[in-house]
Amino acid sequence: GVHEGGEGRPPRLQSRHPRPIPPLVLVASPSGLLQMERRGVRQHHGPRRAAQPPECGGLLRQFDGVGGEIGPSLLSLTHLRRLNLTQNDFGGARIPKFLGSFGRLRYLDLSYSNFGGAIPPQLGNLSTLRYLSLSSYNLMIDAGDDLQWLARLSSLTFLQMNFVNLSTASPDWLRAVNQLPSLQQLYLSGCGLTALPDSLSRVNLTALTTLDLRGNFFNSTFPSWLFELRSLSYLAISNSELYGTVPAGFGNLTRLAQLDLSGNSLSGSIPVDLWSLASLTTLDLSHNSFTSPLLPQIGNTTSLSQLNLVQCFLVGSIPAEIGRLTSLTELRLSGNSLSGRIPAEIGNLSSLSDLSTLDLSDNSLEGTLSELHFVNLTELVALYAYANPLTIRFDHDWVPPFQLQSIKVDTCDLGPAFPRWLRSQEFLTDIDLSNTSIEDTLPDWFWNSSSG
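This one's a predicted model, so the numbers in the text were calculated from it and none came from an experiment.

Things to note about the overall build of the chain
Now for step 1: A count of helices and strands for the chain gives four helices and 30 strands.
Now for step 2: Burial status across the chain gives 47% buried among its 452 residues.
Now for step 3: As displayed, the chain has an accessible area near 21000 Å², and 47% of this comes from carbon and sulfur atoms.

Here you go:
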């Protein structure tokens with residue numbers, strides 16, 4: 001056979017201390033085909049088809065398992081428009097400065113590829129770039145970098161830098177981003193940002209539809225300039241140390257579909273105009289300190305599918321108008337100080353048949369829950385009403401229209417007889433009936449129904 005040393009020669013004996021293998025290098029061949037090289041041995045990556053010359057646009061797809069370093073011969077792809085190296089492993093190498101030389105590049109994705117160190121400001125030379133994703137747990141910016149290189153990317157419509165350490169850029173980050181009038185989606189989650197300015201002299205982000213600032217350290221009040229982003233459909237600033245009252249202005253965001261302000265220290269009343277957003281589908285205000293009642297206007301948000309108001313210090317009763325939320329699949333009101341009776345409207349409307357999770361636990365709700373509250377909740381799989389002075393009474397022969405997987409009603413009054421309606425529930429995996437005033441023996445059918 002042919003050995004490493006040439007035809008007819010025996011193979012070389014391995015040294016006791018072999019030389020380290022040189023790293024793989026991503027290079028471009030003379031034809032424009034991207035490949036890996038190691039000491040002259042080329043490894044082809046990508047679809048096995050005829051290579052397109054650089055004049056055809058140089059489309060580079062995602063590489064699985066590419067590592068090492070990116071060689072400057074990549075510059076031979078003078079017409080490169082799209083470069084996607086996401087989810088590879090470049091061993092903490094720095095992003096090459098020469099990537100800023102691709103004058104025709106429109107799409108650059110280096111996210112989660114184990115690049116490290118500071119992001120080179122030379123990326124600001126990519127004047128035709130429309131899509132930039134640099135999300136990484138290892139990237140940062142140099143001290144003194146005010147992100148003005150970002151402001152030069154005037155064609156940018158998508159910017160994602162989740163978990164990049166931008167802590168030294170506060171408050172300059174907003175000044176830079178505000179100079180991108182074409183920007184539609186901005187993701188800066190977990191970036192260590194420490195300032196969220198309350199006002200902007202001029203808001204240029206009028207095209208912005210998505211703003212994700214979750215998991216930062218703003219220690220700021222809710223900024224009123226956000227209400228000028230009239231194209232917003234998604235706004236998330238959860239777990240970011242916001243405090244104080246939320247001003248009126250949500251009525252301006254008529255396209256807003258998803259809002260997440262959970263895990264902050266917002267207080268006062270939930271803004272009334274929030275309940276005027278007919279396009280709102282997901283609302284999460286949980287783990288704040290609003291100390292306000294639920295207003296009847298809540299019934300105007302008829303597109304809501306998920307409503308999470310867990311631990312918001314809400315007071316007062318649940319308004320009957322909540323039964324108008326005809327698209328709800330999740331209703332979570334636990335951990336508040338809600339009192340009074342649960343309105344039968346929750347179960348009276350057949351349009352609420354999509355509700356899968358009903359969580360009213362850990363409040364001060366009272367009165368009796370009967371089959372009237374559940375008669376049309378055909379999709380219900382989770383019922384949580386524990387830690388309330390509630391009585392749950394169903395007709396002796398009532399067969400629920402739902403199949404629960406989880407029921408937690410401890411401290412409610414279900415007794416004295418063991419609830420017979422549970423016999424119809426064939427998929428229960430989590431049951432808590434503790435301290436429910438049951439004074440009965442467990443029926444044989446209970447053990448049989450749970451034996452599967």
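Following the structure, the description resumes.
Digging into the sheet that holds strand S22 (residues 315-316)
Now for step 1: Strand order in this open sheet of four strands is S22-S24-S26-S28, and the pairing throughout is parallel. Strands with a single pairing partner mark the edges of an open sheet, and in this sheet they are S22 and strand S28 (390-392).
Now for step 2: The pairing of strand S24 (residues 337-341) with strand S26 (residues 364-369) spans three bridges and is classified as parallel. Bridged to glycine 340 within S26 is leucine 365.

Observations regarding the pattern of salt bridges
Now for step 1: Scanning all chains against the criterion turns up six salt bridges.
Now for step 2: In this structure, aspartate 430 and lysine 408 form a salt bridge, with 3.5 Å as the shortest nitrogen-oxygen distance. On the criterion of sequence distance, the pair formed by aspartate 430 in strand S30 (residues 430-432) and lysine 408 in strand S29 (residues 406-408) is long-range, its members being 22 residues apart.

Let's talk about the sheet that holds strand S17 (residues 242-245)
Pairing between sheet strands relies on hydrogen bonds along the backbone, with the strands arranged either parallel or antiparallel.
Now for step 1: One open sheet accounts for three strands, arranged S15-S17-S19; its pairing is parallel. Here the strands that pair on one side only, and so sit at the sheet edges, are strand S15 (220-221) and strand S19 (265-267).
Now for step 2: By the bridge criterion, two bridges tie S15 to S17 in an arrangement that is parallel. Directly across from serine 220, in S17, lies its bridge partner leucine 242.

Quick notes on a nonpolar patch on the surface
Now for step 1: On the surface, Tyr112, Tyr137 and Phe163 cluster together to form a nonpolar patch covering roughly 310 Å² of accessible area.
Now for step 2: Along the polypeptide, phenylalanine 163 turns up in the loop between strand S12 (158-160) and helix H2 (172-177).

Some words on unusual backbone geometry
Now for step 1: Put simply, glycine 415 and proline 416 share a cis peptide bond, and its omega is 5°.
Now for step 2: Tracing the backbone through its elements, the reader meets proline 416 in the loop between S29 and S30.
Now for step 3: The residue phenylalanine 163 is not glycine, and still its phi comes out positive at about 70°.
Now for step 4: In the Ramachandran plot, threonine 411 falls in the positive-phi region, its phi being about 75° despite a non-glycine side chain.
Now for step 5: With respect to the secondary-structure elements, threonine 411 resides in the loop between S29 and S30.
Now for step 6: By relative accessible area, threonine 411 is classed as partly exposed at 37%.

Digging into the side chain of asparagine 84
Now for step 1: Among the secondary structure elements, asparagine 84 is positioned in strand S7 (residues 82-84).
Now for step 2: At a separation of 3.1 Å, a polar atom in the side chain of asparagine 84 contacts the main-chain amide nitrogen of threonine 86.

Some points on the packing of aromatic side chains
Now for step 1: Summed over the entire model, instances satisfying the criterion amount to 21 aromatic pairs.
Now for step 2: Note on phenylalanine 222 and phenylalanine 227: the rings are 5.6 Å apart at their centroids and 35° apart in plane angle, and the pair reads as tilted.
Now for step 3: Note on phenylalanine 222: relative accessible area 3%, which makes it buried.
Now for step 4: What makes phenylalanine 227 buried here is its relative accessible area of 5%.
Now for step 5: Between phenylalanine 374 and phenylalanine 402, the ring centres sit 6.0 Å apart and the planes meet at 65°, which makes this aromatic pair edge-to-face. Taken together, the residues phenylalanine 374 in the loop between S26 and strand S27 (382-384) and phenylalanine 402 in the loop between S28 and S29 connect sequence positions 28 residues apart.
Now for step 6: For phenylalanine 374, a relative accessible area of 1% corresponds to the buried category.
Now for step 7: Note that arginine 82 overlies the ring of tyrosine 107, its terminal NZ or CZ placed 3.8 Å from the centroid.

A closer look at the nonpolar core
Now for step 1: Grouped together as the largest cluster of nonpolar side chains are 116 residues, with contacts concentrated most on Leu132, Leu134, Trp173, Phe222, Phe250 and Phe374.
Now for step 2: At the level of secondary structure, the elements contributing two or more residues to this core comprise helix H1 (148-151), H2, S26, S28 and helix H4 (444-449).
Now for step 3: Looking at this core, the element that brings in the most residues is H2, giving four residues.
Now for step 4: If near-sequence neighbours (up to four positions away) are discounted, phenylalanine 374 is found in contact with Gly347, Leu358, Leu369, Leu380, Leu383, Phe394, Trp398, Pro401 and Phe402.

As for the pairing of S26
Now for step 1: Looking at chain direction, S26 and S28 are connected through three bridges and run parallel. The residue of S28 that forms the bridge with glycine 367 is leucine 390.

A look at the environment of proline 419
Now for step 1: Relative to the assigned elements, proline 419 resides in the loop between S29 and S30.
Now for step 2: Distance in space between the C-alpha atoms of proline 419 and isoleucine 392 is 9.4 Å, their sequence separation being 27 residues.

Considerations on the side chain of histidine 373
Now for step 1: Examined against the element boundaries, histidine 373 turns out to sit in the loop between S26 and S27.
Now for step 2: Overall, histidine 373 belongs to the buried group, its relative accessible area being 7%.
Now for step 3: Each residue touching histidine 373, except ones within four places of it in the same chain, is listed here: Ile342, Pro343, Ala344, Ile346, Gly347 and Thr368.

Definitions and limits used
Residues numbered from 1 in each chain as written. Predicted model: local features only at pLDDT ≥ 70, side-chain atom pairs only at ≥ 80, totals over all residues. Heavy atoms only, no water. Helix = DSSP H or I, 4+ residues; strand = E, 2+ residues; numbered from the N terminus. Buried < 20%, exposed > 50% of the residue type's maximum accessible area, 1.4 Å probe, protein only. Areas by Shrake-Rupley, 256 points an atom, 1.4 Å probe, with all protein chains shown as cover. Pairing = 2+ DSSP bridges. Salt bridge = Lys/Arg side-chain N within 4 Å of Asp/Glu carboxyl O. Patch = residues over 30% accessible without salt bridge, like charges linked within 9 Å, V, L, I, M, F, W, Y side chains within 5 Å. Polar contact = N/O pair within 3.5 Å; in protein donor to acceptor, adjacent residues only side chain to side chain. Phe/Tyr/Trp six-rings, centres within 6.5 Å; stacked < 30°, edge-to-face > 60°. Lys NZ or Arg CZ within 6 Å of the ring centre and 35° of its normal. Core = buried A, V, L, I, M, F, W, Y, C linked by side-chain atoms within 4.5 Å. Contact = heavy atoms within 4.5 Å.

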